[in-house]
Structure formats: structure tokens, C-alpha cells
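So the chains spell out like this:
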Amino acid sequence: RVNVPGDHAFGAVFINIFKEDMQPFKGSKNVALVYTVGALGRNKRAEGEGAPSAEREALVKKTKKDFLEAIYLTGQNVMAAVVAYNREEAKDGLPRIDVLRSPIVAGGTFIHPDAAPEDVALALLCGYKDQHDPQHSPHLELMPGKDMESALMCLQNGVKWDTRIQDEPSSPKPGQEAVVAPVAAAAAPQQGAGHVANQRTESLSYRPAPCPPRAAVEFKPTFATAPPGGFAASYEKRDNPQGNYGFLIPGDEDVFVGGGALNGAVGRLLLVEGGQPIQF
């Protein structure tokens, strides 16, 4: 599913349903991989993936607002794609996606230099919420971390993705107090398979004006749980009590699994635990 014109994959969403004998941790209801390509905030690639082309520069979002808007639209597209799949394709005997676990998309290598990972997470969550369907949306599980936790707190307090960038002064106006965006307490990020360690750049922002209330909608994401002293994985070994499970993997425009960071961690897991022919 695409949401912007052009012959590139930025903002696109791909839903992959595993054959039963290729599900990671067989018997655990791990049925799907949802792949999306976040917006380019800078012309970079992950370590080990080669140098970016000069032509790719034309696809970079030059302003923080344009970048975050593209992330918001990507969030919308992800949720709309899974809703459409659950509504139509699951009727034909394919497994419904009951739970979708999501990290931050484009909060690392691709992030715009003026945006913080918390800003990206908020834009993504706003997109998810605005395409939420009470009947067909999956339950949304978020990868834990202070950026995602702070973004969800902002969303629950009525802050929209563009609230804090509409009138961002470079320094406090007379009589205006600068405040740091609230950050929920979280354990220090740890590296490992299926884990994204988002490094947040602390930045000053200004207390936003109240947003107009939205229509009531049952949108209540939760956070994936991590084992004591560990971290949340991409796919769980245990049977998910909420039903069939899918993981959202943020990739690049080459649309492959097995590169660096989270992409590579998931690729290795699918190779080892699902018997899938992932090429590294």
C-alpha cells in the first residue's frame, strides 16, 4: 500500500504473512511481518549498507515539519494497510493480525537533524490513531523506551505531532518559560536481537496550546514487556494470549530484511527460528 506518488518505497507498507512452517518460534502465533519505509530526513544509510546515491538527495525532507508530516502519513498508511487486510484478506482463510508490535520508524539513521526521536514517535502514533478502526485495527504494542513512552504521554494529553513545531521560537520570548518535554522513566536501553536502542537528544520545547478535542475513539496502545534485566524482542517465544501477532519492521527503500540494526536482528531471527532464506 502506498500513500504518495512516485517510483520509490518511502511511506509504503508491505504485509507479509508467513507460511505455518516458516513462522518464527512455531506455535507462538507469530503470523506476520509488516514492513514500512520511513521518510528520509537526511541522506544516510545504516552502517554496512554502502554510500547513499546523489539522486537520493532529492527525496530528503528538507524541513523538520515536512519530515514529521511524512512520518505521520506513514503511520496512517501502516494502520490503514493492516485494517484493510483484516477487513478483506482475512476472510479468505488467512490469519487475522490481532496484535502489531511497533518500534519508532525513521528515528535513527534517517531522522531529520532538527527532530528528536520523541517527535518522530509522536508523529507515528498520531498517524496510527487517526486511522484506528475499533473493529479491524490490531491491538498496538509499542517497543518500550523513553522516547516512545514520552510520545504516548503527549498523545494522551492531547498533543498532536505538529503542535510543537507550529511556532517554535529559537529562544524564549519575554516572560515565557522554556520547559523540557516530560519523559517517562525507563530502564537504560540495551542492545540485542529484536531491540532498538533509541538515543534521544534532549531539547527544549514550549508548552503547547491545548488541542481541540477529538471524537472519542478506543485507541489504547500498551508497551511490550521485557524479561527481568532484558529487553523486549521482536517476536516472542511464548504464545500470545491476545491472538495472532505481527511485527512492524522499519527498513529502507531497497525493501530487504537483513541489514543493520533492527532490520538485521529480525532477519537473523527469521533465518534461525523460522527457517526463512534471509540473505545477509
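Shown above is the structure to which this text applies.
For clarity, every value in this text was computed on a predicted model and none was experimentally measured.

Asker: Can you explain the overall build of the chain? Please cite residues and give values.
Answerer: Counting secondary structure elements, the chain contains four helices and eight strands. Ordering the α and β elements of the chain from the N terminus gives β-β-α-β-α-β-α-β-β-β-β-α. Looking at the chain residue by residue over its 280 residues, the buried ones come to 49%. Once local pairs closer than 6 in sequence are excluded, the contacts in the chain between residues at least 24 apart make up 75%.

Asker: Mind laying out unusual backbone geometry, listing which residues take part and the relevant values?
Answerer: Unlike most non-glycine residues, Lys29 shows phi in positive territory, near 65°. Note on placement: Lys29 falls in the loop between strand S1 (13–17) and strand S2 (30–37). Judged by its relative accessible area of 32%, Lys29 is partly exposed. Of note, Ala106 is a non-glycine position whose phi angle comes to about 60°, a positive value. Inspection of the secondary structure puts Ala106 in the loop between strand S3 (99–102) and helix H2 (117–130).

Asker: Kindly report on the packing of aromatic side chains, identifying the contributing residues and their values.
Answerer: Aromatic ring pairs are defined here through the distance separating the ring centres and the angle between the ring planes. Within this structure, the stated rule accounts for six aromatic pairs. For the pair Tyr235 and Tyr245, a centre-to-centre distance of 5.8 Å together with 75° between the ring planes defines the contact as edge-to-face. With Tyr235 in the loop between strand S7 (222–223) and strand S8 (245–251) and Tyr245 in strand S8, this residue pair connects regions lying ten residues apart in the sequence. Using a relative accessible area of 1% as the deciding quantity, one classes Tyr235 as buried. Owing to a relative accessible area of 1%, Tyr245 belongs among the buried residues under this scheme. Measuring from centroid to centroid gives 5.9 Å for Tyr235 and Phe247, while their planes differ by 55°, and the two rings are tilted.

Asker: Describe the pattern of salt bridges, and please don't skip the residues or the numbers.
Answerer: Proximity of charged atoms lets side chains of opposite charge pair with each other. Tallied over the full model, the rule gives seven salt bridges. The shortest N-O distance in the salt bridge between Glu57 and Lys62 comes to 2.7 Å. Glu57 sits in the partly exposed class, given a relative accessible area of 35%. Across the salt bridge formed by Arg87 and Glu88, the nearest N and O atoms sit 3.3 Å from each other. Linked through salt bridges whose partners overlap, the residues forming this network are Arg101, Glu141 and Glu236.

Asker: Please set out the sheet that holds S2 residue by residue, giving values where relevant.
Answerer: Spatially, S1-S2-S8-S3-S4-S7 is the arrangement adopted by the six strands of the open sheet, whose pairing is mixed. At either end of the open sheet lies a strand with only one pairing partner, and these are S1 and S7. The sheet contact formed by S1 and S2 spans five bridges and is antiparallel. Bridge pairing links Phe14 to Tyr35 in S2. Across the face of the sheet, helix H1 (residues 64–88) comes into contact with S1, S2, S3 and S8 while running at roughly 35° to S1.

Asker: Give a description of H1 that names residues and reports values.
Answerer: The terminal C-alpha atoms of H1 lie 36 Å apart, and with 25 residues this matches the ideal 36 Å at 1.5 Å per residue to within 8%. Within H1, 18 of the 25 residues are buried, leaving the element largely enclosed by the surrounding structure.

Asker: Describe the environment of Ile71, listing the residues and the values that go with them.
Answerer: Mapped onto the elements of the fold, Ile71 is located in helix H1. The class of Ile71 is buried, set by a relative accessible area of 0%. As for Ile71 and Gly38, which are separated by 33 residues in sequence, their C-alpha atoms are 6.4 Å apart. Ignoring anything within four residues of it in the chain, the contact list for Ile71 reads Gly38, Ala39, Val105, Ala106, Val120, Ala123 and Leu124.

Asker: Quick rundown of the pairing of S8? Include the residues and the values.
Answerer: Burial analysis of S8 places seven of its seven residues in the buried class, which makes it a mostly covered element. The side-chain alternation of S8 yields two buried faces, one formed by Tyr245, Phe247, Ile249 and Gly251 and the other by Gly246, Leu248 and Pro250. Relative to S8, S3 runs parallel, the two being bridged by three bridges. Bridged to Val99 within S8 is Tyr245.

The rules behind these values
Residues numbered from 1 in each chain as written. Predicted model: local features only at pLDDT ≥ 70, side-chain atom pairs only at ≥ 80, totals over all residues. Heavy atoms only, no water. Helix = DSSP H or I, 4+ residues; strand = E, 2+ residues; numbered from the N terminus. Buried < 20%, exposed > 50% of the residue type's maximum accessible area, 1.4 Å probe, protein only. Contact = heavy atoms within 4.5 Å. Phe/Tyr/Trp six-rings, centres within 6.5 Å; stacked < 30°, edge-to-face > 60°. Salt bridge = Lys/Arg side-chain N within 4 Å of Asp/Glu carboxyl O. Pairing = 2+ DSSP bridges. Axes fitted to C-alpha atoms, helices over the stretch in contact; angles between N-to-C directions. Expected span 1.5 Å × (residues − 1).

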